[in-house]
Amino acid sequence: MGQKGSAGVVRVIGQEADRAARLLHRAREARLAGERAAVAPRAEIDASWDRVARSGIDPGQSPESELLRAEEIEHRRHSTVLGEVMPVLRAGLASIADAAQQIMVVTDAEGRVLWRQGNSAVMHRAHDICLEEGAAWAEAATGTNAIGTALAARAPIQVHSAEHFIRALHNWTCAAAPVRDPRDGRLVGIVDISGPATTFHPATLALVDSVARLAEAEIRTRHLGAIERLRAVAAPILCRLEGRALAVDSHGWLAAVTGMPPVDRLPLPKSLRPGRVWLPSLGMCRVEPLPGGWLVQVADGAAEGAPRRVVLDLSRPRALAVHLVGPLGTSTQRLSPRHAELLYALAVHREGRTASELAQDIFGDGSRTVTVRAEVSRLRRHLAEVLAHRPYRFGDGVEVEVVHPEHPADLLPRSKAPVVTGARRGPAPC
């Protein structure tokens, strides 16, 4: 039922969903008018309304969006692991959705609808709100809704009636859960059940989340099967090799190894090609394709290919990268904003920084050494050949270049790190 908790929070539970929807409608209208409401939505809905309001979504707008072309939808279907587990999703949800007068919707990680199935009458009604293949249902496009809010929060959520930010969706209820690739934890899409508001049931979210977890288990099972097939191919080859070698799948997960301790996963560059390649965790290697993966042979003692130059490219805030330049070519590693801050601090202070000094550079708080050590450890998994420690620094003999944006104010514009904000105010020290 609709209830107000001790803090005046409206929750939709049980049979009084209509009353809860009315209370939520009042809370939402008060929020839009900038007034204080007697009741408030759930915390996750409240946070979503804040995000959507900041993005400039008009509550009176239509949920319509420009649809992807048919060929683009097919391309995305074949490019996502979700296509492999659609039988699991259909078996777990489609028939239930049909019987409950709802539809199952599956999107990619951008919130674009790739599949939908369920009650034919509801499919027809869904056309009126653009809940169809190729449509955009991220919060930035359609406001607060289960698909977009599950994407933003990276968590399962049910959105009912007036909890939707756009008024045109107030006659709908939806429950959605994220699906992650268990190989790397990356979110690959959203599974959702949507229908008229009269079809609301509090157990729907648990059902959707359970089926999403079944899909993840199926991805894991398929991955283990692929590893076993790769191991069967690679084992006889490794038996004939001398020295250190590994067989890994296309994501770097280990299938077989010889001459060295096993690792769970070998970090691989995004654009790996056969031939000689420098891998930060192993050094110079020779890489050859195998069915479903790669054979990686370590060229022991071949240090002549080590990177000698580092280019830290901060010129585009949405494409932060570090380029490692060596005798055998250039490799590129994309950077998170935090890792870009750390590398920038080390480029500024070529003499090196202690964990406490880096914490001061990044957080303005020298006591946050645990966080700094953890982040630098992650960086060194990919940049071990150019990053030294005790103190943290770029290695001896490594040339470092920083590519700045055209205007100093655009240097990592969202960063609050003192080492960055100081550089924005004056000439860059490197």
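In what follows, the structure referred to is the one given above.
The model shown is predicted, which means the values in this text are computed figures rather than measured ones. (Residues numbered from 1 in each chain as written. Predicted model: local features only at pLDDT ≥ 70, side-chain atom pairs only at ≥ 80, totals over all residues. Heavy atoms only, no water.)

A.B. asks: So what exactly am I meant to see when it comes to the overall build of the protein chain here?
C.D. replies: Along the protein chain, the regular secondary structure elements total 12 helices and 18 strands. The proportion of buried residues among the 430 residues of the protein chain is 47%. For the protein chain, long-range pairs separated by at least 24 residues make up 54% of all intrachain contacts whose partners lie at least 6 apart in sequence. Counting every atom, the protein chain has about 21,000 Å² of accessible surface; 50% of that belongs to carbon and sulfur. In the protein chain, 54 side chains carry a positive charge and 48 a negative one; their mean positions are 3 Å apart. (Helix = DSSP H or I, 4+ residues; strand = E, 2+ residues; numbered from the N terminus. Buried < 20%, exposed > 50% of the residue type's maximum accessible area, 1.4 Å probe, protein only. Contact = heavy atoms within 4.5 Å. Areas by Shrake-Rupley, 256 points an atom, 1.4 Å probe, with all protein chains shown as cover. Lys, Arg positive; Asp, Glu negative; His and termini not counted. Charge placed at Lys NZ, Arg CZ, Asp CG, Glu CD.)

A.B. asks: How should the sheet that holds strand β5 (residues 157–160) be read in this particular structure?
C.D. replies: Consider a sheet: its strands pair through backbone hydrogen bonds, and that pairing is either parallel or antiparallel. Sheet architecture is open: five strands sit in the order β4-β3-β7-β6-β5, paired in antiparallel fashion. The sheet is open, and its two borders are formed by β4 (113–118) and β5, each paired with just one other strand. Direction aside, neighbouring strands of the sheet carry axes that sit 20 degrees apart on average. Here strand β3 (residues 103–108) pairs with strand β7 (residues 186–196) via six bridges, running antiparallel. Across the sheet, residue Val105 finds its bridge partner in β7, namely Asp192. Along the sheet, helix α4 (residues 86–99) contacts β3, β4 and β7; its crossing angle with β3, the most-contacted strand, is approximately 145 degrees. (Pairing = 2+ DSSP bridges. Axes fitted to C-alpha atoms, helices over the stretch in contact; angles between N-to-C directions.)

A.B. asks: Mind showing me how you'd approach the nonpolar core here?
C.D. replies: Grouped together as the largest cluster of nonpolar side chains are 35 residues, with contacts concentrated most on Leu314, Leu343 and Tyr344. Where this core is concerned, the elements lending two or more residues are β13 (309–313), β14 (321–326), α9 (337–348), α10 (355–363), α11 (369–383) and α12 (418–425). Of all the elements, α9 adds the most residues to this core, at eight residues. Within the second largest apolar cluster, 28 residues are counted, among which are Ile103, Ala146, Leu169 and Trp172. (Core = buried A, V, L, I, M, F, W, Y, C linked by side-chain atoms within 4.5 Å.)

A.B. asks: So what exactly am I meant to see when it comes to the environment of Thr332 here?
C.D. replies: Tracing the chain through its elements places Thr332 in strand β15 (residues 329–334). Measuring from C-alpha to C-alpha, the distance between Thr332 and Gly134 comes to 33 Å, with 198 residues separating the pair along the chain. In contact with Thr332, not counting residues within four places along its chain, are Ala321, Val322 and His323.

A.B. asks: Just to check I follow, could you spell out the pairing of strand β9 (residues 254–258) for this structure?
C.D. replies: Looking along a regular strand, one sees side chains alternate from face to face of the sheet. Here strand β8 (residues 245–249) pairs with β9 via four bridges, running antiparallel. Counted as the bridge partner of Ala245 is Thr258 from β9.

A.B. asks: Quick question: what am I supposed to make of the pattern of salt bridges here?
C.D. replies: Pairing between side chains becomes possible if they bear opposite charge and their charged atoms approach one another. Scanning the entire structure with this criterion turns up 21 salt bridges. Measuring nitrogen to oxygen at the nearest pair gives 2.9 Å for the salt bridge that ties Arg353 to Asp361. Each member of the pair, Arg353 as well as Asp361, is classed as buried. A cluster of three or more residues bridged by salt bridges with shared partners is formed by Glu72, Arg76, Asp108 and Glu110. (Salt bridge = Lys/Arg side-chain N within 4 Å of Asp/Glu carboxyl O.)

A.B. asks: I tried to follow the packing of α10 against α11 on my own but got confused; where do I start?
C.D. replies: Helix-helix packing: each pair is described by the crossing angle between the helix axes and the interaxial distance. Between α10 and α11, the shortest axis-to-axis distance is 8 Å and the interhelical angle comes to 95 degrees. If you check the angle between α10 and α11, you find them roughly perpendicular. On α11, the residues that touch Ala355, Ser356, Leu358, Ala359 and Phe363 of α10 are Thr369, Thr371, Val372, Arg373 and Val376. In the contact of α10 with α11, the residues fall into six nonpolar, three polar and one charged. (Parallel < 35°, antiparallel > 145°, perpendicular 65-115°, else oblique. Nonpolar A, V, L, I, M, F, W, Y, C, P; charged D, E, K, R; others polar.)

The values reported here are purely geometric and, on their own, carry no functional implication.
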